[in-house]
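Take a look at the letters that make up each chain.
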Amino acid sequence: MNGNMNAVSFDRSGSLEPGLAGSEGEVRRRKAGLLAILSEGLPTLPSHLMQLNALLGSPPVDLKQVSAVIRSDPSLTAQLLRLCNSALFNLRRRVTRVEEAAILMGTERLRNLVFTCYLIQLSCAQLPGDQVETFWTHSLIAATLSERVARRLNMEDFDQAYLGGLLHDVGKLPLLMVAAEENTAAAVWLKADNAESLALEREYFGLDHCEVGRWLGINWNFDGELVEAIESHHEPGRARFPSGVVGVVAAADHFCEMMETGDERGELAADGFYRICLPRLGEPGRGALFAQLRRDYPLLRKVLESKPPIAKAGEGGGSPG
């Protein structure tokens, strides 16, 4: 992107200033661009990922077969090892082989990370590097905090909570791609991740990232609760199971948004939102949870910013970092 971007600003109500979304025809054109990306730019999962998903979901897992499939894609292998070796996971030793990654990470986490690496590759090919890093930093922190909230609640499927946190904003990728094609400053305000931002997205693109994410989740054959986490993380009360994975992801994402905007006490002001997300925790339990998250968040951000676990464009086939 060059420096000749069109400015996008807002009035005090949180709406786009009049005229900046453009005419109805321009909004329809952006929406058509989104729909084209959904059908062409973010394709159905590659056959080797479908094969991996089947292999990793069918115990006993044949690690030799899994490793062979992953190694058939050198850039995927490099990104996977780079991510596994990041300080985010704090493994006991450096991983140099896919087989080691499977043993140390566990097959369910490996399946989640392989899918993440595919999406990182896709976004690196389509978006500027700073946008990729910003998007995945938020997603990885939200995933880690979602898992920690799920463990705090003694949920059995904390890997699903991790995956929900990881993919909750996946619907933003097509919006960012359209913004990049138009060479506008829309990517700047797309960093916002709150309920108000959904109205801005609908005003500018004709769709919001939750709607787009739902389409992707269904197209990629995600299970219903994961699709709900992607679709309803800003409005968990609308979900069929708001106190399950949806609620955990919504709580973690909302907490990240508060921290990213500098509102470190925001969780107290939004108590009603968290009561919907975390009904099993009373006020003392929520207070203890947020105290833990306030300690965890800056440490996770420091780890990710000091050495991003994401290969820049053109690095995917190099040695893992």
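This structure is a prediction, so every number in the text was calculated from the model and none was measured.

**Q** Which residues make up the pattern of salt bridges, and what values go with them?
**A** Oppositely charged side chains can pair when the atoms bearing their charge come close. In total, this model carries 14 salt bridges according to the counting rule given. Here Glu99 makes a salt bridge to Arg71, at a shortest N to O gap of 2.9 Å. In this pair, Glu99 is assigned in helix H5 (residues 98-105) and Arg71 in helix H3 (residues 63-71), connecting sequence segments 28 residues apart. Relative accessible area serves as the criterion here: at 16%, Glu99 is assigned to the buried category. Between Glu147 and Arg151 there is a salt bridge, with the nearest N and O atoms lying 3.0 Å from each other. On the criterion of helical spacing, the pair formed by Glu147 and Arg151 is a turn pair, its members being four residues apart in helix H7 (residues 129-152). When its relative accessible area of 11% is taken as the criterion, Glu147 is described as buried.

**Q** I'd like a rundown of the side chain of Asp296, residues and numbers included.
**A** Its location among the elements puts Asp296 in helix H17 (residues 283-306). The residues touching Asp296, leaving out its near neighbours within four places in the chain, are Leu145 and Arg148.

**Q** An account of the side chain of Asp159 is requested, with residue identities and associated values reported.
**A** With respect to the element layout, Asp159 can be found in helix H8 (residues 158-167). Using a relative accessible area of 16% as the deciding quantity, one classes Asp159 as buried. Once residues within four sequence positions are removed from consideration, Asp159 is found in contact with Glu108, Arg109 and Asn112.

**Q** An account of the packing of H7 against helix H14 (residues 245-260) is requested, with residue identities and associated values reported.
**A** Between H7 and H14, the least distance of the axes is 8 Å, while the angle of their chain directions is 130°. Between H7 and H14, the interaxial angle falls into the category oblique. Crossing handedness for the pair H7 and H14: right-handed. Residue-level contacts link His138, Ile141, Ala142, Leu145, Ser146, Val149 and Ala150 of H7 to Val248, Val249, Ala252, Asp253, Phe255, Cys256 and Glu260 of H14.

**Q** Tell me about the packing of aromatic side chains, and please be specific about residues and values.
**A** One pair of aromatic rings is described through two measures. These are the centre distance and the angle between the planes. Considering all chains together, one arrives at nine aromatic pairs under this definition. Their ring planes at 65° and their centres at 4.6 Å tell us that Tyr274 and Phe290 sit as a pair that is edge-to-face. Separated by 16 residues along the polypeptide, Tyr274 in helix H16 (residues 271-277) and Phe290 in helix H17 bring together distant segments of the chain. Overall, Phe290 belongs to the buried group, its relative accessible area being 5%. Taken together, the aromatic side chains of Phe115, Tyr118, Trp220 and Phe222 make up a single cluster linked through ring pairs. Looking at Arg109, its charged tip hangs above the ring of Tyr162, at a distance of 3.8 Å from the centre. In this structure, Arg151 is placed above the aromatic ring of Phe158, and the distance from its NZ or CZ to the ring centre is 3.6 Å.

About the criteria used
Residues numbered from 1 in each chain as written. Predicted model: local features only at pLDDT ≥ 70, side-chain atom pairs only at ≥ 80, totals over all residues. Heavy atoms only, no water. Salt bridge = Lys/Arg side-chain N within 4 Å of Asp/Glu carboxyl O. Helix = DSSP H or I, 4+ residues; strand = E, 2+ residues; numbered from the N terminus. Buried < 20%, exposed > 50% of the residue type's maximum accessible area, 1.4 Å probe, protein only. Contact = heavy atoms within 4.5 Å. Axes fitted to C-alpha atoms, helices over the stretch in contact; angles between N-to-C directions. Parallel < 35°, antiparallel > 145°, perpendicular 65-115°, else oblique. Left-handed = near helix turned anticlockwise from the far one by under 90°. Phe/Tyr/Trp six-rings, centres within 6.5 Å; stacked < 30°, edge-to-face > 60°. Lys NZ or Arg CZ within 6 Å of the ring centre and 35° of its normal.

Read these as layout, nothing more, since geometry by itself doesn't imply function.
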